[in-house]
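Structural overview
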Amino acid sequence: MHEMLTVGQVARSSGLTPKALRHYDRIGLLRPAVVDGANGHRLYDPAQLAQARLVARLRAVDLPLEQVRECLAASASGDAADTIGRLLAEHRKRMTARLTRTQTALHRLDHLVADGLPETNVGDIMTTDQKTPTINDERALAVALFNGVWRLLEKDDRSASDDERVVHMAHASRYHWGQVGTPSNLTIGEWQCSRVYAVLGRAEPALHHAAAALRIVQENGISDFQLAFAYEALARAHAVAGDAEEARRWTEQALAATESVSQEDDRELLRSDLESIPGQDRFW
């Protein structure tokens, strides 16, 4: 018979704290094999270490407890790989949405307030009797659609229908900027299209729009944050395409360009965006 393990031994071997182990016992997530009737000490079978280590790894990425419970059940039934893969993919989508919410707030503050326009819903801009949008309408539509894209990307439970809609909205925003915007507006429009496709895992159009953003910047002699974010878009798109070497190369260019960004808030936003690129955790 195997020698039983104490809470402290399991904690040291698994990466969980004794407090966490006691909590997981109370909620029925990871119960000890034996509880000593005399002193109440929890004792674990050595075979439970694998489960404890799995819980530690899943909680380290903030996977909700109910989904950790599903993973443990799947592990016990021999169906761990598929279940854990599915749950982690869903969790990554939620985490990406949370990150997008934070980044969106910063982007709006830094680059949309400058237009002097309040946030507007697309349906509020044109009335049914208007045949041709005015310049102000075009600009308001571009901004409203731009903001609407972020709202969709921020959704934790974004659906396939939402994914289709966000693509159309990003392109529509870029179209309206094309009617009335400056080269800087066009660059940001292309950058947003690239980001949308990157979030959706579609490398080819992400690369196309990132390259378009860089081309506009270069043709118009734009520097500052627009150039740095064009590099960031190329780095992200190459990461989505699975080309780690190119992703790293463009990340390096984006970091170098950061030094020429005039506003500290823009520099911090760029660094935050670069850190969120898949696979870039090995770079920092």
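Here is a short report on the structure shown in this document. (Residues numbered from 1 in each chain as written. Predicted model: local features only at pLDDT ≥ 70, side-chain atom pairs only at ≥ 80, totals over all residues. Heavy atoms only, no water.)

1. As for the overall build of the protein chain
The helix and strand inventory of the protein chain stands at 12 helices and 3 strands. Put simply, the protein chain has 284 residues, and 45% of those count as buried. Across the protein chain, contacts joining residues at least 24 apart in sequence account for 60% of those joining residues at least 6 apart. Total accessible area on the protein chain is roughly 14600 Å²; 51% of this is exposed by carbon and sulfur atoms. (Helix = DSSP H or I, 4+ residues; strand = E, 2+ residues; numbered from the N terminus. Buried < 20%, exposed > 50% of the residue type's maximum accessible area, 1.4 Å probe, protein only. Contact = heavy atoms within 4.5 Å. Areas by Shrake-Rupley, 256 points an atom, 1.4 Å probe, with all protein chains shown as cover.)

2. A closer look at the nonpolar core
Grouped together as the largest cluster of nonpolar side chains are 42 residues, with contacts concentrated most on Val149, Val166, Val196, Leu214 and Tyr231. Only helix H6 (135-153), helix H7 (160-180), helix H8 (183-199), helix H9 (203-219), helix H10 (224-240), helix H11 (244-258) and helix H12 (264-275) provide two or more residues apiece to this core. In this view, Val149 contacts Val166, Met169, Ala170, Gln192 and Val196; residues no more than four positions away in its chain are not counted. (Core = buried A, V, L, I, M, F, W, Y, C linked by side-chain atoms within 4.5 Å.)

3. Some thoughts on the packing of H10 against H11
It is the contact of H10 with H11, at a shortest axis distance of 8 Å, that shows an interaxial angle of 165 degrees. Judged by the inter-axis angle, H10 sits roughly antiparallel to H11. Note on packing geometry: the crossing formed by H10 with H11 is left-handed. Judged by residue contacts, Ala228, Tyr231, Glu232, Leu234, Ala235, His238 and Ala239 of H10 engage Glu246, Ala247, Trp250, Thr251, Gln253, Ala254 and Ala257 from H11. When grouped by side-chain class, the residues that make up the contact of H10 with H11 number 9 nonpolar, 3 polar and 2 charged. (Axes fitted to C-alpha atoms, helices over the stretch in contact; angles between N-to-C directions. Parallel < 35°, antiparallel > 145°, perpendicular 65-115°, else oblique. Left-handed = near helix turned anticlockwise from the far one by under 90°. Nonpolar A, V, L, I, M, F, W, Y, C, P; charged D, E, K, R; others polar.)

4. Overview of the side chain of His238
Mapped onto the secondary structure, His238 falls in helix H10. Judged by its relative accessible area of 14%, His238 falls in the buried class. When residues no more than four places from it in sequence are discounted, the contact partners of His238 are Leu207, Asp243, Glu246, Ala247 and Trp250.

5. Describing the environment of Asp243
With respect to the element layout, Asp243 can be found in the loop between H10 and H11. Within the structure, Asp243 has its side chain in polar contact with the backbone nitrogen of Glu246 (distance 3.1 Å). (Polar contact = N/O pair within 3.5 Å; in protein donor to acceptor, adjacent residues only side chain to side chain.)

6. Details of unusual backbone geometry
Positive phi, close to 65 degrees, is recorded for Asp62, a residue that is not glycine. Assignment of secondary structure puts Asp62 in the loop between helix H3 (49-60) and helix H4 (65-77).

7. Thoughts on H6
Relative to the 27 Å expected for 19 residues at 1.5 Å per residue, H6 spans 27 Å between its end C-alpha atoms, a close match to the ideal helical length. In terms of burial, H6 is largely enclosed, as 15 of its 19 residues are buried. (Expected span 1.5 Å × (residues − 1).)

8. Some points on the layout of surface pockets
In this structure, the largest pocket encloses a volume near 670 Å³. In this structure, the largest pocket is lined by 22 residues; those nearest its centre are Arg92, Lys93, Met95, Thr96 and Ser276. Every element with two or more residues in the lining of the largest pocket is listed here: helix H5 (80-112), H8 and H10. Considering every element that reaches the lining of the largest pocket, the biggest residue donor is H5, with 10 residues. Here the residues of the lining of the largest pocket are counted per class, giving 10 nonpolar, 6 polar and 6 charged. (1 Å grid on protein atoms, 1.4 Å probe; cavity = no way out; pocket = protein on both sides within 12 Å on 5 of 7 lines; lining within 4 Å. Points joined across faces, edges and corners; volume = space filled by probe spheres on them.)

9. Comments concerning the packing of aromatic side chains
Evaluation of the coordinates by the stated rule reveals 5 aromatic pairs. Where Trp191 meets Phe229, the ring centres are 5.7 Å apart and the plane angle is 75 degrees; that geometry is what we call edge-to-face. With a gap of 38 residues between them, Trp191 in helix H8 and Phe229 in helix H10 connect regions that are remote in the sequence. Pair check on accessibility: Trp191 and Phe229 agree, each one buried. Ring centres of Phe225 and Phe229 lie 6.5 Å apart, and the angle between their planes is 75 degrees; this geometry places the pair in the edge-to-face category. Here Phe229 and Phe225 lie together in helix H10, a separation of 4 residues that amounts to about one turn. (Phe/Tyr/Trp six-rings, centres within 6.5 Å; stacked < 30°, edge-to-face > 60°.)

10. Quick look at H3
In an α-helix, one turn spans 3.6 residues; hence positions three or four apart end up facing the same way. Spanning 12 residues, H3 covers 16 Å between terminal C-alpha atoms, matching the ideal 16 Å at 1.5 Å per step. Among the residues of H3, Leu49, Ala52, Leu54, Val55, Ala56 and Leu58 are the ones counted as buried. Count one or two residues on from H3 and you reach Asp62, which has phi positive near 65 degrees.

11. Digging into the side chain of Asp224
By secondary structure assignment, the location of Asp224 is in helix H10. A polar atom in the side chain of Asp224 sits 2.8 Å from the side chain of Ser262. Other than its neighbours up to four places away in sequence, Asp224 contacts Ser260, Val261, Ser262 and Asp266.

12. Quick word on the packing of H3 against H4
The contact between H3 and H4 brings their axes to 10 Å, and the two run at 145 degrees. Crossing of H3 against H4: the hand is right-handed. Taking contact as the criterion, the partners of Gln51, Leu54, Val55, Leu58 and Arg59 in H3 are, on H4, Leu65, Val68, Cys71, Leu72 and Ser75. Considered class by class, the residues forming the contact of H3 with H4 number 7 nonpolar, 2 polar and 1 charged.

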